[in-house]
Amino acid sequence: MNEHKHICQWTQKMNQATPDFFDRPSVQRQKKTVISDSGQIKEGVSSVEGEAVQQLGAMEPPEDMEGRTFVEVMSEKYSPENFPYRRGPGMGVVVVPTVVPQGSPMKGMLEISKIVSSIPNLEFLNLSSNPLAGMTLEPRCAEAFSRVRRLVLNNTQVSWDTVLQLTREIPELEELFLCLNEYSSVSASSVACPTLRLLHITDNSLKDWAEVRKFGFMFPSLDTLVMANNNLASIQDNKDILQRLFPNLRSMNLHNSGLNRWDDIEKLNFFPKLEEVRLQGIPLLQAYTNAERRSLMIAQLPSISLLNGSVVTDSEREDAERFFIRYYLDYPEEELPYRYHSLVTKYGKLEPLAEIDLRPRCHAQVEVHCEEKVEQLNIRLDQTVAELKKQLTTVVQLSTNSMRIYYINKCSAFGPEEMKYNTRALHSYSIQDGDEILVVPKTK
């Protein structure tokens with residue numbers, strides 16, 4: 001968005017000037033600020049300080065504009081009536097990354113707070129890729145974030161302590177995005193964030209379940225946990241702990257985690273409200289075909305209604321559960337999963353399915369009759385009548401133009417059927433082993 005680009009460029013220039021420059025009353029009284037339709041900020045100030053602003057590239061505003069402060073113009077520019085960026089209901093803004101002067105992380109946070117505080121009713125804030133490492137949230141900045149409901153801090157390297165500060169200072173925070181921040185561990189908070197419903201923390205390095213466990217204590221109302229690409233090694237807690245940790249968790253994404261035991265999959269059944277799971281790219285499933293993966297997963301997770309984004313129907317579940325029983329029929333008792341016994345109780349111990357080859361037949365063994373001569377011949381059923389005639393020339397010693405051929409189905413009460421269409425495929429006659437081909441020489 002061009003507006004934000006110009007704002008951030010202007011902010012960078014202001015960081016290089018005297019920090020408290022625009023707080024001076026003389027400048028606030030005499031300064032005129034306009035944000036043009038293209039998003040360019042134009043300044044005109046009639047004071048000694050104003051000359052410094054003009055040296056930064058400022059221009060005189062239109063004559064019909066009243067003198068306004070920067071905050072007033074920002075508030076008007078991003079009012080609900082003309083704000084161009086929305087994500088769901090409520091106001092939203094993306095702050096485009098800008099270069100923060102070295103050694104001044106607090107100044108970057110102050111500038112972000114100034115922009116945020118100038119936008120009324122702000123509910124969605126995206127600070128992705130802004131360098132927030134080392135920045136802390138002081139009380140004078142915290143108030144600016146208090147109305148935010150959806151906060152995106154992807155690829156910012158923001159510290160976990162600052163994240164905890166934000167969750168304490170934002171009373172109605174519902175969605176938090178913390179991807180690509182290189183977290184390998186997180187610290188617990190003594191104060192829970194009861195409003196958070198969605199935590200999106202993909203592409204970090206949270207391998208130990210002990211770190212994930214802390215999310216349950218910090219976010220007791222969590223509905224959706226997205227932890228793809230974290231290489232989580234296992235789910236270590238027992239049923240009682242998991243039920244208490246995540247009592248409201250409905251959706252969980254563990255794509256490309258390090259799970260490699262069926263025990264970990266079975267533990268997903270202990271989350272009391274879990275109904276959607278994403279589990280692609282895990283080591284456990286690499287040895288199975290796609291069909292086996294889905295069937296075995298569905299059978300292991302009886303409460304899941306959405307698996308990897310696809311709805312699990314009642315008929316698919318029954319087929320998967322029956323497949324599961326047959327899959328483990330020949331396994332020794334000590335290797336049978338717990339789910340196997342509950343499904344045997346439900347369906348009984350099923351017999352293996354009969355193997356039926358449904359592929360079309362490729363050949364048939366037929367009797368070729370020509371006058372008094374009878375010979376056995378193996379014919380290809382994917383060839384045409386014309387090609388069969390060529391094959392018969394060496395058997396009956398007749399040219400293709402000198403013969404008529406007939407098909408005789410030995411199991412049919414009907415008589416011979418002349419095979420007079422040279423381009424017709426033999427498999428369309430449904431020829432079976434033991435049927436007959438009658439060759440009759442043409443009369444001259």
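Higher on the page you've got the structure.
Everything numeric here is computed off the predicted structure, so don't read it as measured data.

Reading the values: the criteria
- Throughout this document, residue positions are counted from 1 along each chain, in the order its sequence is written.
- Under the rules for a predicted model, residues below a pLDDT of 70 receive no local features and side-chain atom pairs below 80 are neither given nor counted, while totals for whole chains, interfaces and linings still include all residues.
- Where side-chain values are given, they derive from all heavy atoms of the structure, hydrogens and water being excluded.
- One bridge is not enough; two strands pair if DSSP finds at least two bridges between them.
- Each helix is a run of H or I in the DSSP string that is no shorter than four residues. Each strand is a run of E no shorter than two, and both are numbered from the N terminus.
- Here an angle of 0 to 180 degrees is reported between the N-to-C directions of two axes, which are lines fitted to C-alpha atoms, with helices fitted over the stretch in contact.
- We call two directions roughly parallel when the angle between them is under 35 degrees, roughly antiparallel when it is over 145, roughly perpendicular when it lies between 65 and 115, and oblique otherwise.
- Throughout, a crossing is termed right-handed when the near helix is turned clockwise from the far one, and left-handed when it is turned anticlockwise from it by less than a right angle.
- Only heavy atoms enter the contact rule, under which two residues are in contact if any of them lie within 4.5 Å.
- Residue polarity is assigned by list, with Asp, Glu, Lys and Arg as charged and Ala, Val, Leu, Ile, Met, Phe, Trp, Tyr, Cys and Pro as nonpolar; anything else, Gly included, falls into the polar class.
- A helix's residues, less one, multiplied by 1.5 Å, set its expected span.
- Partly exposed describes any residue whose relative accessible area lies between the buried limit of under 20% and the exposed limit of over 50%, with all areas from a 1.4 Å probe on protein chains only and scaled to the type maximum.
- Throughout, the arc means that of the directions going from the helix axis to the C-beta atoms.
- Aromatic contacts are taken between Phe, Tyr and Trp rings whose centres are within 6.5 Å, Trp giving its six-membered ring; a plane angle under 30 degrees counts as stacked, one over 60 as edge-to-face, and the others as tilted.
- For our purposes a nonpolar core is just a set of buried Ala, Val, Leu, Ile, Met, Phe, Trp, Tyr and Cys residues, chained together by side-chain atoms within 4.5 Å.
- In the sections that follow, a salt bridge refers to a side-chain nitrogen of Lys or Arg positioned within 4 Å of a carboxyl oxygen of Asp or Glu.

Participant: For this particular structure, what's the right way to read the pairing of strand 14 (residues 373–380)?
Facilitator: In regular strands, side chains alternate between the two faces of the sheet. Summarising the sheet, strand 13 (residues 363–370) and strand 14 pair through eight bridges and their orientation is antiparallel. Within strand 14, the position partnered with Glu367 by the bridge is Gln376. With antiparallel pairing between neighbouring strands as the criterion, strand 13 and strand 14 make up a hairpin whose turn holds two residues, including Glu371 at a positive phi of roughly 55°.

Participant: What should I look at first to understand the packing of helix 12 (residues 314–327) against helix 13 (residues 338–347) in this one?
Facilitator: If you want to describe how two helices pack, look at the angle between their axes and the distance between the axes. Between helix 12 and helix 13, the least distance of the axes is 9 Å, while the angle of their chain directions is 115°. What the angle tells us is that helix 12 and helix 13 run roughly perpendicular. Both helix 12 and helix 13 take part in a crossing whose hand is left-handed. On helix 13, the residues touching Glu318, Glu321, Arg322, Phe324 and Ile325 of helix 12 are Arg339, Tyr340, Leu343, Val344, Lys346 and Tyr347. Taken together, the residues of the contact of helix 12 with helix 13 sort by class into six nonpolar, no polar and five charged.

Participant: Teacher, can you tell me more about helix 14 (residues 385–396) here?
Facilitator: In an α-helix, one turn spans 3.6 residues, which is why side chains three or four residues apart end up on the same side. Relative to the 16 Å expected for 12 residues at 1.5 Å per residue, helix 14 spans 16 Å between its end C-alpha atoms, a close match to the ideal helical length. Within the sequence span of helix 14, burial applies to Val385, Leu388, Lys389, Leu392, Val395 and Val396. Down the axis of helix 14, the sector holding all buried residues measures 105°, keeping them to one side. For helix 14, the exposed residues lying more than 90 degrees away from the buried face are Lys390 and Thr394. Close packing links the buried residues of helix 14 with strand 13, strand 14, strand 15 (403–408) and strand 17 (436–441). Just beyond helix 14, the residue with positive phi is Gln397, at close to 60°.

Participant: Any chance you could explain the packing of aromatic side chains here in plain terms?
Facilitator: In this structure the tally under the stated criterion is 13 aromatic pairs. Their ring planes at 65° and their centres at 6.1 Å tell us that Trp262 and Tyr288 sit as a pair that is edge-to-face. Linking Trp262 in helix 10 (residues 262–267) with Tyr288 in the loop between strand 10 (276–278) and helix 11 (290–300), this pair joins segments that are 26 residues apart in sequence. Overall, Trp262 belongs to the buried group, its relative accessible area being 14%.

Participant: Explain the nonpolar core here, please?
Facilitator: As a rule of thumb, soluble globular proteins bury nonpolar side chains together. If you look at the biggest cluster of nonpolar residues, it comprises 80 residues, and the most contacted ones within it are Trp160, Leu199 and Phe215. In this view, Phe215 contacts Trp160, Val186, Leu199, Ile201, Leu206, Leu225, Met227 and Phe246; residues no more than four positions away in its chain are not counted. Judged by nonpolar contacts, the second largest core, of 21 residues, contains Cys370, Leu388, Met419 and Tyr429.

Participant: Would you take a moment to explain helix 13 for this structure?
Facilitator: Restricting attention to buried positions, one finds in helix 13 the residues Arg339, Tyr340, Leu343 and Tyr347. The arc that holds every buried residue of helix 13, seen down its axis, measures 100°, which confines them to one face. Facing away from the buried side of helix 13, by more than 90 degrees, are the exposed residues Tyr338 and Thr345. Tucked into the core, helix 13 has its buried residues touching helix 10, helix 11 and helix 12.

Participant: Explain the sheet that holds strand 17 here, please?
Facilitator: Within a sheet, each strand pairs with its neighbour through backbone hydrogen bonds, oriented either parallel or antiparallel. Read from one edge of the open sheet, five strands run 14-13-17-15-16, paired in mixed fashion. The outermost strands of the open sheet, each flanked by one partner alone, are strand 14 and strand 16 (417–418). Two strands pair when backbone bridges link them, and strand 15 and strand 17 are joined in this way by six bridges, in the antiparallel orientation. Across the sheet, residue Ile405 finds its bridge partner in strand 17, namely Val439. With respect to the sheet, helix 14 is in contact with strand 13, strand 14, strand 15 and strand 17, its orientation differing from that of strand 14 by roughly 140°.

Participant: Whenever I open this one, the environment of Glu138 confuses me. Can you help?
Facilitator: Looking at where Glu138 falls in the secondary structure, it is placed in the loop between strand 4 (122–126) and helix 6 (139–142). A relative accessible area of 31% means that Glu138 is categorised as partly exposed. Distance from Glu138 to Thr162, taken between C-alpha atoms, is 9.8 Å for residues 24 residues apart in sequence.

Participant: Sorry if this is basic, but what is going on with unusual backbone geometry here?
Facilitator: It is generally the case that most residues other than glycine have a negative phi and that most peptide bonds are trans. The backbone of Asn229 sits at a positive phi, close to 60°, despite the residue not being glycine. A positive phi angle, close to 55°, is found at Glu371, a residue other than glycine. Considering the arrangement of structural elements, one finds Glu371 in the loop between strand 13 and strand 14.

Participant: Teacher, can you tell me more about the pattern of salt bridges here?
Facilitator: A side chain with one charge can pair with a side chain of the opposite charge if their charged atoms come near. The tally for this structure, following the rule as stated, stands at 21 salt bridges. Where Lys214 meets Glu211, a salt bridge forms, and the shortest distance between an N and an O atom there is 3.0 Å. Note that Lys214 and Glu211 are positioned in helix 8 (residues 209–218) at a spacing of three residues, about one turn of the helix. Exposure remark for Glu211: the relative accessible area of 11% places this residue in the buried category. Several salt bridges share partner residues, and in doing so they unite Glu123, Arg149, Arg150, Glu172, Glu174 and Glu175 into one network.

Participant: When you look at the pairing of strand 17 in this model, what are you seeing that I'm missing?
Facilitator: The sheet contact formed by strand 13 and strand 17 spans four bridges and is parallel. Of the residues in strand 17, the one forming a bridge with Glu367 is Glu436.

Participant: Honestly, the packing of helix 11 against helix 12 in this entry has me stumped. Any pointers?
Facilitator: For the pair helix 11 and helix 12, the least separation of the axes is 8 Å and the interaxial angle reads 100°. For the element pair helix 11 / helix 12, the angle class is roughly perpendicular. Here Glu292, Arg294, Ser295, Leu296, Ile298, Ala299 and Gln300 of helix 11 come into contact with helix 12, specifically with Glu316, Arg317, Ala320, Glu321, Phe323, Phe324 and Tyr327. Across the contact of helix 11 with helix 12, the residue classes break down as seven nonpolar, two polar and five charged.

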